[in-house]
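Per-entry structural report
Chain residues, written in single-letter form:
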Amino acid sequence: MPLSEHEQRMLEQMERALYAEDPKFATALEGSGLRTYTRRRVYQAVAGFLVGIALLMTGVMIPGQYWISVVGFLVMLGCAALAVTGWRKAPRPGAQPGAAGPLGGPGRGQVRQRRTVMDRIEQRWQRRRDEQGH
């Protein structure tokens, strides 16, 4: 649901006041922290994946210690899943948090479809309110 003009003006005034009062804190809140967090998460997942490969190779090289290979494979699998989910959730540079969404590729059409469904629901709600005279 979009903000009304009055609410947008109030939000802009609060942002200006925050920048005037503490510009360092305001720039820290702009959303770059989330991007840094997700990037760090992906890097950690890649490092964990490499550790998983090392465990897998170690388990293969040591006779009778196949459980190390299984643990290495599970570590690789978990880190790969973590890297992929972290990469998909990472906001694009220049994108506003809470905007169209960080999804790219084939999932993008699903985001548009959800938006249109929500738009239709909101339009129906407005029509019902208008019909009732509110």
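Everything numeric in this text was worked out from a predicted model, so none of it was measured.

When helices and strands are tallied, the protein chain shows 5 helices and 0 strands. Each helix (α) and strand (β) of the protein chain, taken in turn from the N terminus, gives the series α-α-α-α-α. A buried classification covers 13% of the 134 residues belonging to the protein chain. Residue pairs in contact within the protein chain that sit at least 24 positions apart in sequence constitute 43% of those at least 6 positions apart.

Here we take up a positive patch on the surface. A contiguous patch of positive charge on the surface is contributed by Arg120, Arg124, Arg127 and Arg128. Structurally, the position occupied by Arg124 is in helix H5 (residues 108-132). Of the residues examined, Arg124 reaches a relative accessible area of 44% and is grouped as partly exposed.

This part takes up the pattern of salt bridges. Tallying each qualifying case throughout the model produces 1 salt bridge. Of the charged contacts in the structure, one is a salt bridge between Arg16 and Glu12, with a shortest N-O distance of 3.8 Å. Residue Arg16 and its partner Glu12 are located together in helix H1 (residues 5-21), separated by 4 residues, close to a single helical turn. Overall, the relative accessible area of 41% leaves Glu12 in the partly exposed class.

Turning our eyes to something else, we now look at the environment of Ala81. Residue placement: Ala81 occurs in helix H4 (residues 66-89). Taking relative accessible area as the criterion, Ala81 reaches 43% and is therefore assigned partly exposed. Sequence spacing of Ala81 and Val42 is 39 residues, and the spatial spacing of their C-alpha atoms is 10.0 Å.

This next bit is on a nonpolar patch on the surface. Judged by side-chain polarity, Val46, Leu50, Ile53, Met57, Met61 and Ile62 come together as a nonpolar surface patch covering roughly 550 Å² of accessible area. Structurally, the position occupied by Val46 is in helix H3 (residues 32-61).

Before going further, it helps to spend a moment on the confidence of the model for the protein chain. Averaged over all residues, the pLDDT of the protein chain is 75; the fraction at 70 or higher stands at 69%. Predicted confidence is poor over residues 96-106, with pLDDT under 50, and the contacts of this stretch with residues over four places away or in other chains come to 13 contacts.

It is worth spelling out the side chain of Ser69 at this point. By the element assignment, Ser69 lies in helix H4. Among the residues examined, Ser69 registers a relative accessible area of 8% and is labelled buried. Beyond its immediate chain neighbours, meaning those up to four positions away, Ser69 contacts Leu55, Leu56, Gly59 and Val60.

As for its placement among the helices and strands, Leu56 is situated in helix H3. A residue is classified by how much of its surface remains accessible, and Leu56, at 26% relative accessible area, is partly exposed. Along the sequence, Leu56 and Val75 sit 19 residues apart, while their C-alpha atoms lie 9.3 Å from each other. Beyond its immediate stretch of four places on either side in the chain, Leu56 contacts Ser69, Gly72, Phe73 and Met76.

About the cut-offs
Residues numbered from 1 in each chain as written. Predicted model: local features only at pLDDT ≥ 70, side-chain atom pairs only at ≥ 80, totals over all residues. Heavy atoms only, no water. Helix = DSSP H or I, 4+ residues; strand = E, 2+ residues; numbered from the N terminus. Buried < 20%, exposed > 50% of the residue type's maximum accessible area, 1.4 Å probe, protein only. Contact = heavy atoms within 4.5 Å. Patch = residues over 30% accessible without salt bridge, like charges linked within 9 Å, V, L, I, M, F, W, Y side chains within 5 Å. Areas by Shrake-Rupley, 256 points an atom, 1.4 Å probe, with all protein chains shown as cover. Salt bridge = Lys/Arg side-chain N within 4 Å of Asp/Glu carboxyl O. Lys, Arg positive; Asp, Glu negative; His and termini not counted. Charge placed at Lys NZ, Arg CZ, Asp CG, Glu CD. pLDDT = per-residue confidence, 0-100.

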